[in-house]
Structure formats: structure tokens, C-alpha cells
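Read off the chains here:
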Amino acid sequence: QLACPLDLGCHSVRALGTNAAAHYLRGELARFLRESPYQVNLLMAGHDEEDGPSLYFIDYMASMHKMKMAAHGYGSYFSLSILDRQWRKGMPLDEGLKLMDMCLEEVQRRLLLNTPKFIVKMVTKDGITVVRGPGSSTEEKAAMPVDQ
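Residues numbered from 1 in each chain as written. Predicted model: local features only at pLDDT ≥ 70, side-chain atom pairs only at ≥ 80, totals over all residues. Heavy atoms only, no water.

**Topic: the confidence of the model for the chain**
Averaged over all residues, the pLDDT of the chain equals 84, while 83% of them reach at least 70. Here helix α4 (residues 139-142) stands out as the least confident element of the chain, with mean pLDDT 46; strand β5 (residues 64-67) is the most confident, with 97. Per-residue pLDDT stays below 50 along residues 140-148; that stretch engages in 14 contacts with residues further than four places along the chain or on separate chains. (pLDDT = per-residue confidence, 0-100. Helix = DSSP H or I, 4+ residues; strand = E, 2+ residues; numbered from the N terminus. Contact = heavy atoms within 4.5 Å.)

Set out below in C-alpha cells:
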């Protein structure tokens, strides 16, 4: 949860839910767009007790969309079609990781850039867990390219 920073003149510090934090970030990006523009696209995920899990895509023009699944960057051109076909609500973790592997393999196969390593994080009601990559229980396997 995101707390309102004191240096922004907030009267009190209050924890924000995922929806409120996404709207706050969208508003800040919109303000920066007019003052000192810079380009950033981001995915924001969180879990609230009332609303459950949620995922937001916010682009560099400060438009925001709540998503079921998402990818961004050059790799998204290849992985979104896989997600559209294979993703379904309520997928078990092992199936979700297999789907993630399919997307990563496609990006590595088709993207001109060399992208050998990825970090996969999972956002749940218990917090953020590194599933693959540095800091995960499968760190050695995750440090290797996906196609090995």
C-alpha cells in the first residue's frame, strides 16, 4: 500500500488501496506531463481485502486502464497474443508460470534484442514474492536463460 508522502503537503498519512494508489500515480503522471514531461509506462498490481487482486496499466500519457492480464514494451507485441489465447481467470499458479514461460520463450525467439534473464514476481494478499530470479527459491534455475 502506498502512503501519502509528507513532503507533498498531505494533512495526514493514510494507507491507500490499489485502486486509490493507481489513481494517485495517474494524477502525478498527468501533472508531470504538463510540467516536465518524461516517458514511463508501468504496470501496477496489488491486492486489497475488499476488492481482491487488481492490475493497472498506466502509459506515458497518463491514461490508466484496469486489466485482467497485461504486458508492455517491445515483448508485449509477441506475448499479448499468447495471453489472449491461453489466459483464464482463476488459473492455478503452476499453469500461470507455464503461461509466463510460453510468453518469455516467444519474446526470446522473436525479439531482436538479447533478453536472456527475467525476474518474475507474484503479488498476493500475503505480499510480493520473487518466483524466479535473484532472491527466489529457484534462483539458480532462474538465472539461466528460459530456453535452457
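**Quick word on helix α2 (residues 76-86)**
Residue pairs three or four apart in sequence face the same way in an α-helix, which turns once every 3.6 residues. Taken together, the buried positions of α2 are occupied by Ser-76, Phe-78, Ser-79, Ile-82 and Leu-83. Seen end-on, α2 carries its buried residues on one side only, within an arc spanning 155°. More than 90 degrees from the buried face of α2, the exposed residues found are Tyr-77, Asp-84 and Arg-85. In this structure, the buried side of α2 is in contact with α3 (93-110). (Buried < 20%, exposed > 50% of the residue type's maximum accessible area, 1.4 Å probe, protein only. Arc of directions from axis to C-beta.)

**Observations concerning the sheet that holds β5**
Taken in spatial order, the 3 strands make up an open sheet running β3-β4-β5, and their pairing is antiparallel. Both outer strands of the open sheet, β3 (42-48) and β5, are each paired with one neighbouring strand and no more. The mean angle between the axes of side-by-side strands here comes to 25°, regardless of whether they run parallel or antiparallel. By the bridge criterion, 7 bridges tie β3 to strand β4 (residues 52-58) in an arrangement that is antiparallel. (Pairing = 2+ DSSP bridges. Axes fitted to C-alpha atoms, helices over the stretch in contact; angles between N-to-C directions.)

**Structural notes on helix α1 (residues 18-35)**
With 18 residues, α1 should cover 26 Å at 1.5 Å per step; its first-to-last C-alpha distance of 26 Å lies within 8% of that length. When α1 is considered as a whole, its buried residues turn out to be Thr-18, Ala-21, Ala-22, Glu-28, Leu-29 and Ala-30. (Expected span 1.5 Å × (residues − 1).)

**A closer look at the nonpolar core**
Counting 11 residues, the largest nonpolar core is built from Leu-16, Ala-21, Ala-22, Leu-29, Ala-30, Leu-42, Met-44, Tyr-56, Ile-58, Ala-62 and Met-64. Considering every element that reaches this core, the biggest residue donor is α1, with 4 residues. Grouped together as the second largest cluster of nonpolar side chains are 5 residues, Met-69, Ile-82, Leu-83 and Cys-103 included. (Core = buried A, V, L, I, M, F, W, Y, C linked by side-chain atoms within 4.5 Å.)

**What about the pairing of β5?**
Note that β4 and β5 share 4 bridges and pair antiparallel. When the bridges of β5 are listed, Phe-57 appears paired with His-65. What sits between the antiparallel neighbours β4 and β5 is a turn of 5 residues, in which Ala-62 has the positive phi angle 70°.

**As for the pattern of salt bridges**
Working definition: two side chains of opposite charge can pair if their charged atoms are close together. Tallied over the full model, the rule gives 6 salt bridges. Between Glu-35 and Arg-31 there is a salt bridge, with its nearest N and O atoms 3.2 Å apart. Of this pair, Glu-35 and Arg-31 are both found in helix α1, 4 residues apart, which corresponds to roughly one turn of the helix. Here Arg-110 makes a salt bridge to Glu-106, at a shortest N to O gap of 3.3 Å. Of this pair, Arg-110 and Glu-106 both sit in helix α3, 4 residues apart, which is roughly one turn of that helix. For Arg-110, a relative accessible area of 45% gives the class partly exposed. Via salt bridges that share partners, Glu-28, Arg-31 and Glu-35 belong to a single interconnected network. (Salt bridge = Lys/Arg side-chain N within 4 Å of Asp/Glu carboxyl O.)

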